[in-house]
Amino acid sequence: MIGSACESGQLYRSIIENREQEEIEKIVDFYDFLEIQPLGNNEFMLGSVLDSVEELKAINRRIYELGKKHGKPVVATGDVHFLDPEDSIYREILQAGQGYDESKQAPLYFRTTEEMLGEFDYFGETAARELVIENPAKIAELCEELEIIPQKLYTPTIEGAAEEIESMTQQKARELYGEPLPEIVWKRLDKELKSIIGNGYAEIYLTSHKLVKKSLEDGYLVGSRGSVGSSLVATMTEITEVNPLPPHYRCGVCKYSEFITDGSVGVGVDLPDKDCPQCGKKMIKDGFDIPFEVFLGFEGDKVPDIDLNFSSEYQSAIHKYTEKLFGKEHVFRAGTISSIADRTAYGFVKGYVDENNLNINNTEIKRLAMGCTGVKRTTGQHPGGQIVVPQDMEIYDFTPIQRPANDMNTDILTTHFDFNAIHDNLLKLDILGHDDPTTIRILEDLTNVSPFDIPLDDQETMAIFSGTESLGVSPEEIGTPVGTLGIPEFGTSFVRQMLVETRPTTFAELVRISGLSHGTDVWLNNAQDLIRSKTARLSEVISVRDDIMNYLIQKGLEPVRAFRIMENVRKGKGLTPEDEEYMLENNVPRWYIDSCKTIKYMFPKSHAAAYVMMAFRIAYYKVHYPEAFYAAYFTIKADDFDAQLICKQSYDELKRTKRDLEEKANEMTVKEKSILTVLEIVIEAMARGIKFRSVDLYNSDVRKFKITEKGLLPPLISLEGLGESAARNIVSARKDYEFSSIEDLVNKTRVSRNVIEIMKEHGMLKDLPEKNQLSLF
């Protein structure tokens, strides 16, 4: 097995500095082989530490002789940084763009064998061949074959995981559907469990179950992402709320169930209310009709990717819990590699051209920018990804580790390899932080209404997705024809326009709109045109990837072909001529085929369903508990709420401010766009009778909006310029204490004069004198 190489720079420095021969030979003895480089690689030394090329040759010969003396092979290496000589311009541009001062590029290109022999011809033909061909070949023979990344999945071992997952699944299924299980249920579970347990995925499911359970126990709802909602086992183990079975009724008392499999209903929520024919109780409506294959592939052997949305304020706690489950030395943050983006590369090139007064056309600038795009820029960390290493292995069996962006002041350790490179080899937990679970927690605390008790078929809530009547306001009063301002997934102008065009009245249509809004070339240039031309209805267009597989199977295509077509379409690969012909043979409409060929990316139905469930619950609070909704919304958006602007203007004045911002359109700053979004919700709240109080020195919270008899009370940080640190100092100092003067306030809180001026301007200090008055008696 080969050991370490002595990098040429170390020996170069030792020789140039005229160190003692004994010291130089100690360096040589330490390594297994030595290296030298072409003369051009080190020409940057000329004129500073060396005077001539001959001195460079002499150093290379000295290293060669040292190798001979100590029996260490000497190899010629190129220190390659780019492929061809002409590519040096890209490195020059990239270095200039990142602040490196290197006026002349060394020829660090990938030389051919003949070119390398020519570089070292001053050694003579025999020695040159030894350096360039023979010694590298000897070293190659000494190298054992290594599998850099083991080519299978290594999950942490949890004793009894398979049995626990199966037991948990069966128990929950019987709680919901009774004994014996309906055929459609046990067949689905049997199929899934065989795939999950047979491929060694039980530990992944059990880990996800434990994380969700911990979060729920601590009072935070968890939203699922991706395709995990396609798995009924994930539903039964309470990893996701999405039930992928066909739409159905089930009785919570006697366990009677009734499945609708004719495709007449999109999701179970939309079924008409029905009493149980056996016990007379009102039945529960469930089922989103999602095939399992979307999650684990047609053979059920695809590594499950379970992505979960935890509350952003709880994310760090659940990360620590993961470390507690597996041991801190076995849990690492998933590393990322950031590359030079198109715009950045273009900026680098423009800067280089201007700096060097070059006269080149735009086509050449674009060519140079393309050559710089995609080059590694820095490392980072996935926003929520954690890599878990089995207890009997080390992280070094898979990847080196590092601190993100080489920040030596952080305690965070990430994988050196980008997590995508080891995604299928180690368990990766996507524990993401999200505002929606935080909003739900705030709303539950304010209203004492559990999100699990919210009916997903509430008609007043459904009505805000097509109008404003449920909010008690007109479209003119709030500036939009629908009532979804502030509702996740449905509050942006883009999606509101989709709602205006489609006027959804069912939960299934909301799921479809969510899918359409997240895809690429799914709504624009596709479904939107089909609906406008009345070629197809909202319920017929392709909205999520699962639509394709389900529809094609209904049309008579073989399931495996339907699955393959779905996979190609969702990835933007379109249709093969054979697939297109096969679809026509089975009477698939031409518009449907053309739609498939247009799509570039598609959302999974389970992801859309999970998002809509969360959004609908928040919408329910908006309709039925308006003060709580606005308090929660603005608490999350506290950093964008400008209390001085909002609390000092009337409804009509705020509408004028909003119009002024809208007239700036594309010229708005990021800050102004954030203010505009908040203003839209403030104007709506005022139209619904919600009042906003001024920030209060003694009663305002640091970050949270409070509901009071006189209206919503903004937090201290909603005053622009009053930061969180100052706000916390004020809250801490005012406990059981009243400030006697502004001077006293400054002394007790250490806030700056600038903060004092902000508070004065808002009217918070009008009852405080500047200084304490001396008492004579």
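Located above this text is the structure these notes cover.
Residues numbered from 1 in each chain as written. Predicted model: local features only at pLDDT ≥ 70, side-chain atom pairs only at ≥ 80, totals over all residues. Heavy atoms only, no water.

Draft legend 1. Quick peek at unusual backbone geometry. With an omega dihedral of -5°, the bond running from Glu179 to Pro180 counts as a cis peptide bond. When you line up the elements, Pro180 lands in the loop between helix 7 (161-177) and helix 8 (183-198). Here Asp79, not a glycine, exhibits a phi torsion of approximately 50°, which is positive. Relative to the elements of secondary structure, Asp79 occurs in the loop between strand 3 (74-76) and helix 4 (88-97). One non-glycine residue, Arg750, lies in the positive phi region at around 60°. (Helix = DSSP H or I, 4+ residues; strand = E, 2+ residues; numbered from the N terminus.)

Draft legend 2. Spatial organisation of the pairing of strand 2 (residues 33-36). On strand 2, burial covers both faces: Phe33 and Glu35 on one face and Leu34 and Ile36 on the other are all buried. As judged from the three bridges shared by strand 2 and strand 3, these two strands associate in the parallel manner. Looking at the pairing, Leu34 lines up with Val74 of strand 3. Crossover strand 2 to strand 3 through helix 3 (residues 53-70) is right-handed. (Buried < 20%, exposed > 50% of the residue type's maximum accessible area, 1.4 Å probe, protein only. Pairing = 2+ DSSP bridges. Right-handed = clockwise from strand over helix to strand, strands pointing away.)

Draft legend 3. Fine view of the pairing of strand 13 (residues 427-434). Counting buried positions along strand 13 yields seven of eight residues, so the element is predominantly enclosed. Across five bridges, strand 8 (residues 307-311) lies against strand 13 in parallel orientation. Paired with Asn309 across the bridge in strand 13 is Leu432. Where strand 10 (residues 376-388) and strand 13 come together, four bridges link them in antiparallel fashion.

Draft legend 4. Molecular detail of the environment of Asp79. For Asp79, a relative accessible area of 35% corresponds to the partly exposed category. C-alpha of Asp79 to C-alpha of Leu108: the two residues are 29 residues apart in sequence and 6.1 Å apart in space. Setting aside anything within four residues of it in sequence, one finds Asp79 in contact with Gln37, Asn41 and Leu108. (Contact = heavy atoms within 4.5 Å.)

Draft legend 5. Examining the packing of aromatic side chains more closely. Taken as a whole and assessed by the stated rule, the structure comprises 29 aromatic pairs. For the pair Tyr620 and Tyr621, a centre-to-centre distance of 6.5 Å together with 80° between the ring planes defines the contact as edge-to-face. Among the aromatic side chains, those forming a connected cluster through ring pairs are Phe629, Tyr630, Tyr633, Phe634, Phe641, Phe692 and Phe705. Positioned above the aromatic ring of Tyr109 is the side chain of Arg111, whose terminal nitrogen or guanidinium carbon lies 4.6 Å from the ring centre. Directly above the aromatic system of Tyr220 lies the positively charged group of Arg441, at a separation of 4.6 Å from the ring centroid. (Phe/Tyr/Trp six-rings, centres within 6.5 Å; stacked < 30°, edge-to-face > 60°. Lys NZ or Arg CZ within 6 Å of the ring centre and 35° of its normal.)

Draft legend 6. Representation of the nonpolar core within the structure. Membership of the largest hydrophobic core comes to 128 residues, with the highest contact counts inside it found for Phe490, Phe507, Met583, Phe634, Phe641 and Phe692. Sorting elements by how many residues they give to this core places helix 25 (residues 605-624) first, with 14 residues. Ignoring anything within four residues of it in the chain, the contact list for Met583 reads Leu552, Leu557, Ile565, Leu575, Val588, Tyr592, Ile593 and Cys596. Counting 45 residues, the second-largest nonpolar core is a separate cluster that includes Leu181, Leu193, Ile239 and Val303. (Core = buried A, V, L, I, M, F, W, Y, C linked by side-chain atoms within 4.5 Å.)

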